Amino acid sequence: FAIASMSKSVTASAVLLLVQDGRLKLDDPVRKYLADVPASWDAMAVRQLLSHTSGVKDHFSVFPNYPRLGIDKHVSYTNQEYVKAHIDAPLNFAPGAEWAYSGGGYVILGAIIERITGHPYGDYLRDRIFTPLGMTDTHIINVADIIPNRASGYWFKDGRVRNGEYMAQAHLGGPDVGVITTATDLARWTIALNG
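Within any chain, residue numbers begin from 1 and follow the written order of that chain's sequence. Reporting of local features is limited, given that this is a predicted model, to residues whose pLDDT is at least 70; pairs of side-chain atoms are given and counted only at 80 or more, and all residues count toward the totals for whole chains, interfaces and linings. Excluding hydrogens and water, the side-chain values take into account all heavy atoms of the structure.

1. Some thoughts on the overall build of the chain
Phase 1: Where helices and strands are cited, they refer to DSSP runs of H or I of at least four residues and of E of at least two residues respectively, numbered from the N terminus. Counting its regular elements, the chain contains 7 helices and 4 strands.
Phase 2: The helix and strand sequence of the chain, counted from the amino end, reads α-α-α-α-α-β-β-β-α-β-α.
Phase 3: Since a compact globule built from 195 residues should have a radius of gyration of about 16 Å, the 17 Å found for the chain is in line with a globular shape.
Phase 4: Pairs at least 24 apart in sequence give 71% of the contacts found in the chain among residues at least 6 apart.
Phase 5: Here the chain displays about 10,200 Å² of accessible surface, and carbon together with sulfur accounts for 56% of that area.
Phase 6: In this count, Lys and Arg are taken as positive residues and Asp and Glu as negative ones, while His and the chain termini are left out. A single reference atom marks each charge: NZ on Lys, CZ on Arg, CG on Asp, CD on Glu. Across the chain, the centroid of the 18 positively charged side chains sits 2 Å from that of the 19 negatively charged ones. Taken over C-alpha atoms, the radius of gyration is set against a globule rule of 2.2 Å times the number of residues to the power 0.38. Residues count as neighbours in contact if any of their non-hydrogen atoms are within 4.5 Å of one another. Using a 1.4 Å probe, the Shrake-Rupley method yields the accessible areas, and only the shown protein chains count as cover for residues.

In structure tokens form, the structure reads like this:
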């Protein structure tokens, strides 16, 4: 089953492993790793992406004061296009000035992980987190893969339980919501975090 926004804890842990390895500092400017960001991002630190204080727009939620990123979750974007859409959108506020939930910030963290490691986000998670912890049934979501016993998502709409809405790969397999796992592997994850 997909763990949705709980995936952010995996991404955050991947970032902290890079900190532990001396390859990243939480107070490093985002520009150090993504040089093509606009000037409005100059004061943005990696720490602010982790803590939802960066000002980067969310792509799913609509806040009273901040509209969501204007991308269509049904359209198939490449990972590069998806990251660029987040970078090109105006910030909700100056980095560090406020707090607003932002899956988009975690999309940017995934791009930073890829830039530092030279590997796709999912490969880094597999090699550094999933395999060492014995999480053999944990992956980044790929809508095309056949995964035995994969649970389907559902939602409650019009007074009935219905199949979840279709979303394109870029929206489902990202650093903000992209982990699919089992109860056993999720227990392994919890034990590892507590240990």
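We are not done yet, so read on.
2. What to know about empty space enclosed by the protein
Empty pockets left among the atoms are what a rolling probe the size of a water molecule brings to light.
Phase 1: Every definition here rests on a 1 Å grid over the protein atoms only: cavities are sets of points where a 1.4 Å probe fits but cannot get out, pockets are open sets enclosed by protein on both sides within 12 Å along at least five of seven lines, and lining residues have some atom within 4 Å of a point. Grid points are joined across faces, edges and corners, and a volume is the space filled by probe spheres set on the points. Under the definition given, this model contains 1 cavity of 30 Å³ or more.
Phase 2: Volume-wise, the largest cavity comes out at about 30 Å³.
Phase 3: Lining the largest cavity we find Ile3, Val10, Met135, Thr138, Val179, Thr181, Leu186 and Trp189.
Phase 4: Throughout, the ten residues Ala, Val, Leu, Ile, Met, Phe, Trp, Tyr, Cys and Pro are labelled nonpolar, Asp, Glu, Lys and Arg are labelled charged, and all others, Gly among them, are labelled polar. Residue composition of the lining of the largest cavity, by class: 6 nonpolar, 2 polar and no charged.

3. Remarks on the pattern of salt bridges
Phase 1: Here, a salt bridge means any side-chain nitrogen of Lys or Arg that lies within 4 Å of a carboxyl oxygen of Asp or Glu. Enumeration according to the criterion identifies 8 salt bridges in this entry.
Phase 2: The shortest N-O distance in the salt bridge between Arg128 and Asp21 comes to 2.4 Å. Here Asp21 lies in the loop between helix H1 (7–20) and helix H2 (46–50) and Arg128 lies in helix H5 (residues 121–130), a separation of 107 residues in the sequence.
Phase 3: Where Arg126 meets Asp127, a salt bridge forms, and the shortest distance between an N and an O atom there is 2.9 Å.
Phase 4: Partly exposed describes any residue whose relative accessible area lies between the buried limit of under 20% and the exposed limit of over 50%, with all areas from a 1.4 Å probe on protein chains only and scaled to the type maximum. Since its relative accessible area comes to 39%, Arg126 is described here as partly exposed.
Phase 5: Salt bridges here are not isolated pairs; linked through shared partners, they connect Asp123, Arg126 and Asp127.

4. Notes on the nonpolar core
The tendency in soluble globular proteins is for nonpolar side chains to be buried side by side.
Phase 1: The definition of a nonpolar core used throughout is a set of buried Ala, Val, Leu, Ile, Met, Phe, Trp, Tyr and Cys residues joined through side-chain atoms within 4.5 Å. Residues Trp41, Ile108, Ile112 and Leu125 are the most contacted members of the largest nonpolar core, which totals 46 residues.
Phase 2: Once residues within four sequence positions are removed from consideration, Trp41 is found in contact with Val30, Val56, His86, Ile87, Leu91 and Ile108.

5. Side note on the packing of aromatic side chains
Phase 1: Note on ring pairs: Phe, Tyr and Trp rings are taken, using the six-membered ring of Trp, and paired if centres are within 6.5 Å. Classes follow the plane angle, with under 30 degrees stacked, over 60 edge-to-face and the rest tilted. Inspection of every chain in the model, using the stated rule, returns 1 aromatic pair.
Phase 2: Both rings, one in Tyr77 and one in Tyr82, keep their centres 6.3 Å apart while their planes meet at 40°; by these two values the pair is tilted.
Phase 3: Look at Tyr77 and you get partly exposed, because its relative accessible area is 23%.
Phase 4: The buried category is assigned to Tyr82, whose relative accessible area is 3%.

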